[in-house]
Amino acid sequence: MEQTHTTHNGVAATPGAQRRVLVVEDDPTIVDAISARLRAEGFLVQTALDGPAAVDAAEAWQPDLMVLDIMLPGFDGLEVCRRVQAQRPVPVMMLTARDDETDMLVGLGVGADDYMTKPFSMRELAARVHVLLRRVERAALAAVTPRSGILRLGELEIDHAQRRVRVRAEDVHLTPTEFDLLVCLANTPRAVLSREQLLAEVWDWADASGTRTVDSHIKALRRKIGAERIRTVHGVGYALETPAP
């Protein structure tokens with residue numbers, strides 16, 4: 001039987017180049033296409049066609065990542081994400097058939113790390129999966145080789161060692177992507193970073209078609225740390241606001 005080990009944050013990792021991806025989608029044609037592409041990229045793939053089967057498969061198989069459709073029989077992908085994340089942290093790429101920002105924000109709010117709107121290219125999906133796994137690995141490495149000290153920007157505190165964020169001394173739960181996005185903005189407070197810069201720095205993704213992903217994650221981050229802390233520069237990008245010296 002294939003062996004796995006568990007990283008410091010509970011995310012199981014398969015030794016060597018192969019990683020386990022659970023594909024949850026009720027359309028057999030889409031399932032087959034995604035599975036074939038990911039297997040060609042070297043991933044181990046298992047599939048589930050409904051919500052209950054997805055939760056059972058995630059518990060039994062311990063995937064390194066889930067590709068998860070929102071609309072599913074049994075119960076939807078949002079509920080799958082909630083239940084799976086309650087068991088153990090798993091990176092989630094969420095799929096939605098509707099270009100609906102509410103769906104995206106709710107998905108990000110229940111623990112999804114990224115999303116794609118159908119129809120999408122299998123090439124881009126595979127690239128995003130690779131990027132998401134690399135980001136999780138970077139987060140694990142950062143936790144065992146932490147930067148010293150805590151960055152304080154007014155009532156906002158960023159603890160790099162523990163990857164924790166506090167606002168007014170209260171802990172704020174951020175996904176790995178949200179934390180990396182906040183750190184990227186905090187590295188140059190008040191400086192405006194373009195969507196393309198943020199996409200390249202946080203997602204390792206240089207395709208401008210992904211800039212809406214940045215916008216949705218910014219909105220999710222604002223909900224958690226306060227909308228007034230992130231300034232939008234229309235047509236350019238975003239800046240992290242800090243108290244005047």
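All values derive from a computational prediction rather than experimental measurement.

Draft legend 1. Up close: helix α3 (residues 77–87). G77, L78, V80, C81 and V84 are the residues of α3 that are buried. Buried residues in α3, looked at end-on, bunch into an arc of 155°, giving them a common side.

Draft legend 2. Region of the structure containing unusual backbone geometry. In this structure, the amide linkage connecting K118 to the following residue, P119, adopts the cis form with an omega of -5°. Positive phi, normally seen in glycine, also occurs at Q62, with a value near 55°. With respect to the helices, strands and loops of the structure, Q62 is situated in the loop between α2 (51–61) and β5 (65–69). Phi at R190 is positive, roughly 75°, even though this residue is not glycine. By the element assignment, R190 lies in the loop between α6 (176–186) and β12 (193–194). With relative accessibility at 38%, the residue R190 sits in the partly exposed group.

Draft legend 3. Geometry of helix α1 (residues 28–40). With 13 residues, α1 should reach 18 Å at 1.5 Å per residue; the first-to-last C-alpha distance of 18 Å fits that figure. Looking only at α1, the buried set comprises V31, I34, S35 and L38. Projection of α1 onto a plane perpendicular to its axis shows the buried side chains occupying an angular sector of 100°, all on one side. Within α1, the exposed residues directed more than 90 degrees away from the buried face are T29, D32 and A40. One or two steps after α1, the chain reaches G42, where phi turns positive at roughly 100°.

Draft legend 4. Representation of the nonpolar core within the structure. Formed by 28 residues in total, the largest nonpolar core has its most connected members in L182, L185, L198, W203, I230 and L240. Listing elements by their share of this core, those giving two or more residues are β9 (156–159), β10 (164–167), α6, α7 (195–203), α8 (211–225) and β14 (237–240). Per-element tally for this core: the top contributor is α6, with 7 residues. Beyond its immediate chain neighbours, meaning those up to four positions away, L182 contacts L156, I158, V165, L174, L221, I225 and L240. If you look at the next biggest cluster of nonpolar residues, it comprises 23 residues, including A54, I70, M94 and V110.

Draft legend 5. Representation of the pattern of salt bridges in the model. Inspection of the entire model under this criterion finds 18 salt bridges. A salt bridge links D69 to K118, with the nearest nitrogen and oxygen atoms 3.3 Å apart. Placement of D69 in strand β5 and of K118 in the loop between β7 (114–117) and α5 (122–144) is noted, with a sequence separation of 49 residues between them. Residue classification places D69 among the buried residues on the basis of a relative accessible area of 2%. Notably, a salt bridge pairs D171 with R166, separated by 3.2 Å at the nearest N-O pair.

Draft legend 6. Quick peek at the packing of α2 against α3. Remark: α2 packs on α3, axes separated minimally by 10 Å, with the N-to-C direction vectors making an angle of 20°. With respect to each other, α2 and α3 are oriented roughly parallel. In terms of crossing hand, the pair formed by α2 and α3 is right-handed. Side by side, α2 and α3 meet where G51, A54, V55, A58 and E59 of the first sit next to V80, R83, V84 and Q87 of the second. Split by residue class, the contact of α2 with α3 holds 5 nonpolar, 2 polar and 2 charged.

Draft legend 7. Looking closely at the sheet that holds strand β13 (residues 230–233). Strand order across the open sheet formed by 3 strands is β12-β14-β13, with antiparallel pairing between neighbours. The open sheet has two free edges, formed respectively by β12 and β13, since each of these has just one partner strand. Sheet topology places β12 next to β14; 2 bridges connect them, and they run antiparallel. Note that in β14 the partner of L193 across the bridge is Y238. The strands touched by α6 are β12, β13 and β14; relative to β14, the strand with the most contacts, the crossing angle is about 75°. The strands touched by α8 are β13 and β14; relative to β13, the strand with the most contacts, the crossing angle is about 150°.

Reading the values: rules and limits
Residues numbered from 1 in each chain as written. Predicted model: local features only at pLDDT ≥ 70, side-chain atom pairs only at ≥ 80, totals over all residues. Heavy atoms only, no water. Buried < 20%, exposed > 50% of the residue type's maximum accessible area, 1.4 Å probe, protein only. Helix = DSSP H or I, 4+ residues; strand = E, 2+ residues; numbered from the N terminus. Arc of directions from axis to C-beta. Expected span 1.5 Å × (residues − 1). Core = buried A, V, L, I, M, F, W, Y, C linked by side-chain atoms within 4.5 Å. Contact = heavy atoms within 4.5 Å. Salt bridge = Lys/Arg side-chain N within 4 Å of Asp/Glu carboxyl O. Axes fitted to C-alpha atoms, helices over the stretch in contact; angles between N-to-C directions. Parallel < 35°, antiparallel > 145°, perpendicular 65-115°, else oblique. Left-handed = near helix turned anticlockwise from the far one by under 90°. Nonpolar A, V, L, I, M, F, W, Y, C, P; charged D, E, K, R; others polar. Pairing = 2+ DSSP bridges.

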